[in-house]
Amino acid sequence: MRALRALRRAVPAASRSSSSSSSSSSSSSSSFSSPAVGRPRRRAWEASLSPLERVRRLLPPEEAAAVSRCAAAPPPPQRPEEEEGMDEMAATTAAPRGGVVEAAGALPAPFRAGELALAELRKKDQRTLKVMCRLASGAVLTGPGGVLPHDDIIGQMPGQVLRTSAGKRLLLRRPSLEEYVLLMPRGPTIAYPKDVSAMLTMMDVHPGDTVLESGSGSGAMSLFLSRAVGPKGRVISYEIRDDHHNLAKKNYRHWRTAWEIGHMDEWPDNVDFVLRDISTAAAEMKSVTLDAIVLDMLNPQSALPVVHPSLKQGGVCAVYLANITQVIDLLDRIRTCKLPFLCERIVEVTHRNWLVIPAQIKNCKSSQMVETQQNIEEPPQKEYEEIHIEDQAVLKESEYNGSLSDDADTYHSVPYVARPSYWQEGHSAFLTKLRKFRPLLS
C-alpha cells in the first residue's frame, strides 16, 4: 500500500491514466479493496466485518470469489420427508421450558358413564373412608359424608375434590387394581395384594407365560395374573364351587369393562374360568405346558399329583395357606408321595403402617407454616387449616413444647408426630414356594 502511494505521487496524472497504470490500479483496488475516491477512509477499528468477510480477505482472489458465490447461492430445496422432520423439530423446540410434548391420547380422560369411580373421605381419626361406585346418569353416591349425584362426577377430571350435600370434601379418582380388589364384591376371602405381589415375585411371571390357578375365589388373583402375563399370555383358573366361579367371572368382566371406558384401550381377555375340580382334570393337563402354578385351596396336596407333570422343569408352584398346620400337611404329602418338589421358602408377609402428621396444640390451632417459595401457590392459610384441621393429632402442651427446639423456633418449622398407626394389618396367609426338579435316576 505504501509503494502504491509513492507511485501515485511520483507519476504525473496523465501517465496514471494510461492502460498499464489503470490495470495495475484496478488490480490493486480489487485485491486490497481500497476506498473510493472522494470518500473519507474508514479506520481499521471502525470497520465491522463478518467472519465470512474476514476469511475471504485472507484467501487468494480466485478462492475468495468462490466463497462469495457459495454464500450468495440459494439453499437447496428440501424433500417432503425433510420438511416433516423440520416441522416435528420445530414443534419440539417450541414446547415450553420444562414441559413435555405429550402424544395423542396420553392426556387423562374425564369420567364417563359406565366406569368406576373411587371417592375418598378423610375422617378425624386419621382413617380414610373409600367408596367405589359405577357411574350412571341419574344415580346418586350416598355415604357418611352426604350425597353426591353421579351427574356431578361425570365429565370431571380424576383427582378433583367435590363437595357433598353435607359440605364434606370428597376426592374423586379412578381406582387402582389393588383398590378394586379390596372393594369389589367378594364371597370367600381374597388373596390380599401384599401377598399377591410376593407370590408373583416367587413365580417370576413374565408376559406371555401360561399360569394355572386352582381356586378362583372372588377373582383377585386372576386379575393380577391377567396383568402379569399380558395379552400374549394365558391364565387357566379352576374353581369347584359354582357361586365362586360366577362371582370371579363377574368381577373380572366388570374390571375389564371399566378399564376400556376409562383408558380407551382394552384389558387383555386372557383368563379361562373353568368350573371343575382340579383333581379330576388330569386328562386336560396333559396337553398344557405350564410356566407357573398358584394353589389357593384347602387341600393343595390333592392337586399336586395332577398338575406337576404339566409344570416345566424348574418351574415354581406357589401355595397360599392360612394355617401353618396346612403347610406341614403339604410338606408331609410331598415327602411321602415322593413328588419332585423342593420347598425353597415359607414366608409370611407383614406390613407396618406409620402415621406421620403435623402436630397441633391442645386448643386445636394448627402450627403456623412459613410462606416459602414452594408454598406461595398453595391455598391460603385459612383454607389449609380448613382442609387439614381434621387430620391433625392433638398433643398435650408439655409434649408440644418439648418437641420444639431452638432450630424450630429460628426457622419456624412445623413439629411432626411420627408413630405406628393404630390400625395394622394382621396375619393373612403363609406363602410356600415349591420348585420342581428332575430327580436323579437310580
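Residues numbered from 1 in each chain as written. Predicted model: local features only at pLDDT ≥ 70, side-chain atom pairs only at ≥ 80, totals over all residues. Heavy atoms only, no water.

## Details of a nonpolar patch on the surface
In step 1: On the surface, Ile324, Ile328 and Ile346 cluster together to form a nonpolar patch covering roughly 260 Å² of accessible area.
In step 2: Tracing the backbone through its elements, the reader meets Ile346 in strand E12 (residues 341-347).
In step 3: Owing to a relative accessible area of 39%, Ile346 belongs among the partly exposed residues under this scheme. (Patch = residues over 30% accessible without salt bridge, like charges linked within 9 Å, V, L, I, M, F, W, Y side chains within 5 Å. Areas by Shrake-Rupley, 256 points an atom, 1.4 Å probe, with all protein chains shown as cover. Salt bridge = Lys/Arg side-chain N within 4 Å of Asp/Glu carboxyl O. Helix = DSSP H or I, 4+ residues; strand = E, 2+ residues; numbered from the N terminus. Buried < 20%, exposed > 50% of the residue type's maximum accessible area, 1.4 Å probe, protein only.)

## Considerations on the nonpolar core
Side chains of nonpolar character tend, in soluble globular proteins, to be buried together.
In step 1: Residues Val181, Leu200, Met203, Met221, Leu225 and Leu431 are the most contacted members of the largest nonpolar core, which totals 39 residues.
In step 2: Elements represented by at least two residues in this core include exactly helix H8 (177-183), helix H9 (193-203), helix H10 (220-229), helix H11 (242-263), strand E9 (271-275), strand E10 (290-295) and strand E11 (311-321).
In step 3: In terms of residue count, H10 provides more of this core than any other element does, seven residues in total.
In step 4: Counting residues in hydrophobic clusters, the runner-up holds 26 residues, among them Leu212, Leu304, Leu321 and Leu330. (Core = buried A, V, L, I, M, F, W, Y, C linked by side-chain atoms within 4.5 Å.)

## Here's the deal with a negative patch on the surface
In step 1: A surface patch of like charges, here negative, comprises Glu260, Asp265, Glu266 and Asp269.
In step 2: With respect to the helices and strands, the residue Glu260 is situated in helix H11. (Lys, Arg positive; Asp, Glu negative; His and termini not counted. Charge placed at Lys NZ, Arg CZ, Asp CG, Glu CD.)

## Some details on the environment of Val327
In step 1: Within the secondary structure layout, Val327 lies in helix H14 (residues 324-337).
In step 2: Distance from Val327 to Phe430, taken between C-alpha atoms, is 7.8 Å for residues 103 residues apart in sequence.
In step 3: With residues near it in sequence (within four places) discarded, Val327 still touches Leu321, Ile346, Phe430 and Thr432. (Contact = heavy atoms within 4.5 Å.)

## Digging into the sheet that holds strand E2 (residues 128-134)
In step 1: Across the sheet, four strands lie side by side as E2-E1-E6-E5; this open sheet has antiparallel pairing. Here the strands that pair on one side only, and so sit at the sheet edges, are E2 and strand E5 (160-163). On average, each strand axis in the sheet is inclined to that of its neighbour by 30°, with strand direction left out of account.
In step 2: Note: E5 against strand E6 (residues 169-173), four bridges, orientation antiparallel. Among the inter-strand pairings, Leu162 is bridged to a residue of E6, identified as Leu170. (Pairing = 2+ DSSP bridges. Axes fitted to C-alpha atoms, helices over the stretch in contact; angles between N-to-C directions.)

## Remarks on the confidence of the model for the protein
In step 1: On average, residues of the protein score 76 in pLDDT, and 65% of them reach the 70 mark or higher.
In step 2: Taken as a whole, residues 11-36 scores under 50 in pLDDT and shows 10 contacts with residues more than four places along the chain or in a different chain.
In step 3: Predicted confidence for residues 81-105 stays below pLDDT 50, and this span has four contacts to residues more than four positions away or in other chains. (pLDDT = per-residue confidence, 0-100.)

## Observations concerning the sheet that holds strand E16 (residues 430-436)
In step 1: Overall, mixed pairing links the seven strands, which are arranged E9-E8-E7-E10-E11-E16-E12 in an open sheet. The open sheet has two edge strands, E9 and E12, and neither has a second partner. In this sheet, neighbouring strand axes are inclined to one another by 15° on average, regardless of whether the strands run parallel or antiparallel.
In step 2: Bridge count for strand E8 (residues 234-239) against E9 is five bridges, and the pairing is parallel. In the sheet register, Ser237 faces E9, and the bridge partner there is Phe273.
In step 3: Contacts from H11 reach E8 and E9 within the one sheet, and its direction differs from that of E9 by about 165°.

## Focus: the pattern of salt bridges
In step 1: Evaluated as defined, the whole model comprises 12 salt bridges.
In step 2: A salt bridge links Asp195 to Lys194, with the nearest nitrogen and oxygen atoms 3.3 Å apart.
In step 3: Since its relative accessible area comes to 0%, Asp195 is described here as buried.
In step 4: Residue Lys194 is classed as buried on the basis of its relative accessible area, which comes to 9%.
In step 5: The network of salt bridges with common partners includes Glu120, Lys130, Arg173 and Glu179.

## A word on the packing of H9 against H10
In step 1: At a closest axis distance of 11 Å, the pairing of H9 and H10 adopts a crossing angle of 40°. With respect to their mutual orientation, H9 and H10 come out oblique. For H9 against H10, the interelement crossing comes out right-handed. Here Pro193, Val196, Met199, Leu200 and Met203 of H9 lie close against H10, whose contacting residues are Met221, Phe224, Leu225 and Ala228.
In step 2: Residue composition of the contact of H9 with H10, grouped by class: nine nonpolar, no polar and no charged. (Parallel < 35°, antiparallel > 145°, perpendicular 65-115°, else oblique. Left-handed = near helix turned anticlockwise from the far one by under 90°. Nonpolar A, V, L, I, M, F, W, Y, C, P; charged D, E, K, R; others polar.)

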